[in-house]
Amino acid sequence: MTRWTSGRLWRPVLAVTIGLAAAVGTGAQASGSTRSGESGAAASGYLNLHQCAYYSSSLDDHFNTFVTPSGDGRYSTGTKHSATADTTAACGAGNGVHVPVPLLHGVKALNLGTGRYLNLQQCDYYRSASTDRFTTLVTPSGDGRYSTGTKVSNTKETSPTCGPGNGNHVPNPGLSGSLPLDLTAGRYLNLHQCVYYSERLKSHMTSVVPAPDKRYTTGTKISDTQETNPDCGAGNGDYVLIPLLSAVKNIPLS
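Residues numbered from 1 in each chain as written. Predicted model: local features only at pLDDT ≥ 70, side-chain atom pairs only at ≥ 80, totals over all residues. Heavy atoms only, no water.

Trainee: Tell me about the overall build of the chain, residues and numbers included.
Mentor: Across its full length, the chain holds 1 helix and 15 strands. Counting all 254 residues of the chain, 46% fall into the buried class. Within the chain, counting contacts between residues at least 6 apart in sequence, those at least 24 apart form 70% of the total. Surface accessibility of the chain: about 11,700 Å² in total, with carbon and sulfur atoms responsible for 56%. (Helix = DSSP H or I, 4+ residues; strand = E, 2+ residues; numbered from the N terminus. Buried < 20%, exposed > 50% of the residue type's maximum accessible area, 1.4 Å probe, protein only. Contact = heavy atoms within 4.5 Å. Areas by Shrake-Rupley, 256 points an atom, 1.4 Å probe, with all protein chains shown as cover.)

Trainee: Summarise the pattern of salt bridges; cite the residues concerned and give the values.
Mentor: Oppositely charged side chains are able to pair whenever their charged atoms sit close together. As enumerated under the stated definition, the model contains 11 salt bridges in all. Close ionic contact of arginine 200 with aspartate 238 constitutes a salt bridge, the shortest N to O distance being 2.6 Å. Of this pair, arginine 200 sits in the loop between strand E11 (188-198) and strand E12 (203-207) while aspartate 238 is found in the loop between strand E13 (221-223) and strand E14 (239-241), placing the two residues 38 residues apart along the sequence. Overall, arginine 200 belongs to the exposed group, its relative accessible area being 61%. Judged by relative accessible area, aspartate 238 falls into the partly exposed class, the value being 22%. (Salt bridge = Lys/Arg side-chain N within 4 Å of Asp/Glu carboxyl O.)

Trainee: Quick rundown of the state of the cysteines? Include the residues and the values.
Mentor: All told, the structure shown has 3 disulfides when counted by the stated rule. What pairs with cysteine 52 in a disulfide is cysteine 91, and their sulfur atoms sit 2.1 Å apart. Disulfide cysteine 52-cysteine 91: torsion about the S-S bond near -85°, hence left-handed. With cysteine 52 in strand E1 (residues 46-55) and cysteine 91 in the loop between strand E3 (80-82) and strand E4 (99-100), the pair connects residues that are 39 residues apart, well separated along the chain. Overall, cysteine 91 belongs to the partly exposed group, its relative accessible area being 25%. Each sulfur in the disulfide pair cysteine 123 and cysteine 162 lies 2.0 Å from the other. Classification of the bridge connecting cysteine 123 and cysteine 162 rests on its S-S torsion, roughly -85°, and on that basis the disulfide is left-handed. Taken together, the positions of cysteine 123 in strand E6 (residues 117-127) and cysteine 162 in the loop between strand E8 (151-153) and strand E9 (170-171) put the pair 39 residues apart, joining distant regions of the chain. Residue classification places cysteine 123 among the buried positions, given a relative accessible area of 0%. (Disulfide = S-S within 2.5 Å.)

Trainee: I'd like a rundown of the side chain of aspartate 124, residues and numbers included.
Mentor: Tracing the chain through its elements places aspartate 124 in strand E6. Judged by relative accessible area, aspartate 124 falls into the buried class, the value being 1%. Here threonine 135 takes part through its side chain, which lies 3.5 Å from a polar atom of the side chain of aspartate 124. If sequence neighbours within four positions are ignored, aspartate 124 has contacts with Arg133, Phe134, Thr135, Val170, Pro171, Asn172, Leu175 and Ser176. (Polar contact = N/O pair within 3.5 Å; in protein donor to acceptor, adjacent residues only side chain to side chain.)

Trainee: Which residues make up the packing of aromatic side chains, and what values go with them?
Mentor: Think of a pair of aromatic rings as described by two things: how far the centres are apart, and how the planes are tilted against each other in angle. Across all of its chains, the model carries 7 aromatic pairs by this definition. Summarising the aromatic geometry, the rings of phenylalanine 134 and tyrosine 146 are spaced 4.9 Å apart at their centres and angled 65° between planes, so their arrangement reads as edge-to-face. A residue pair is termed long-range when its members are at least 10 positions apart, and phenylalanine 134 in strand E7 (residues 132-136) and tyrosine 146 in the loop between E7 and E8 qualify at 12 residues. The class for phenylalanine 134 is buried, based on a relative accessible area of 3%. (Phe/Tyr/Trp six-rings, centres within 6.5 Å; stacked < 30°, edge-to-face > 60°.)

Trainee: Residue-level account of the nonpolar core, with values.
Mentor: Counting 23 residues, the largest nonpolar core has Leu118, Leu183, Leu189 and Leu191 as its most contacted members. The set of elements that each furnish at least two residues to this core consists of E1, E6, strand E10 (177-182), E11 and strand E15 (247-252). If sequence neighbours within four positions are ignored, leucine 189 has contacts with Leu47, Leu118, Leu181, Thr220, Lys221, Ile222, Lys249, Asn250, Ile251 and Leu253. (Core = buried A, V, L, I, M, F, W, Y, C linked by side-chain atoms within 4.5 Å.)

Trainee: Give me the confidence of the model for the chain: which residues, what numbers.
Mentor: Per-residue confidence for the chain averages 87 on the pLDDT scale, and 84% of its residues sit at or above 70. Taken together, the stretch residues 1-41 has pLDDT below 50 and engages in 21 contacts with residues farther than four places along the chain or on a different chain. (pLDDT = per-residue confidence, 0-100.)

Trainee: Describe the pairing of E1, naming the residues involved and giving the relevant values.
Mentor: A large share of E1 lies buried, amounting to 8 of its 10 residues. By the bridge criterion, 3 bridges tie E1 to E3 in an arrangement that is antiparallel. Bridging from a neighbouring strand, leucine 47 pairs with histidine 81 of E3. Sheet topology note: the E1/strand E5 (residues 106-111) ladder contains 6 bridges and is antiparallel. Within E5, the residue paired with leucine 47 across the bridge is leucine 110. Sheet topology note: the E1/strand E2 (residues 63-65) ladder contains 3 bridges and is antiparallel. In the strand pairing of E2, cysteine 52 is matched with threonine 65. Pairing of E1 with E4 involves 2 bridges; the strand directions are antiparallel. (Pairing = 2+ DSSP bridges.)

The following block contains the structure:
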């Protein structure tokens, strides 16, 4: 009698336990607190996004790196994931012809636990007099006129927020873009850096975020796969891809 009663009591308790577990599981999926295909925690720590600027002279042939180029470590950056926030950009020395521009360096420590979306915003600036252009993903430490809206939030941002430039270099909407990346979609940020060069114009340009001009598209994404080759558009025939300065960096999100 006692054994039968215990069994009868056990069944409802088990049913309630299963129901609660199912409800908790459903709630976790709805809130986006775990990554696709994983049982682990959501993104955490800091994505320290380092921006390194180089030029051949003050108004000629600027370009930027955000990850260390696959073929030339002289343009290295300190972009990484860590438990602490970086405050100073770590940049290579350049090759002697193209030298660092500290005014346009920057680092943004993005707290990955503060929202669902990593909104990467690329702002391209252009000087028509010398066909010179450069790109920012974070606001330069020394010149807020080239600011960007890169941030982590619970809102998808589909249009970039870019500073006005300095009057010489002005915003170029065709090569500016915003990429909202769902931090629950995978374990890695695959940050693709595509660098192009025009021999005719003696001018570099860098693309990390897809923009309206798809000829300079990139493969930047979040996934469970660590990508090893940069996925870059072919350029426009004048500006052509420079594999030596292009790269992809796999950055863990926790």
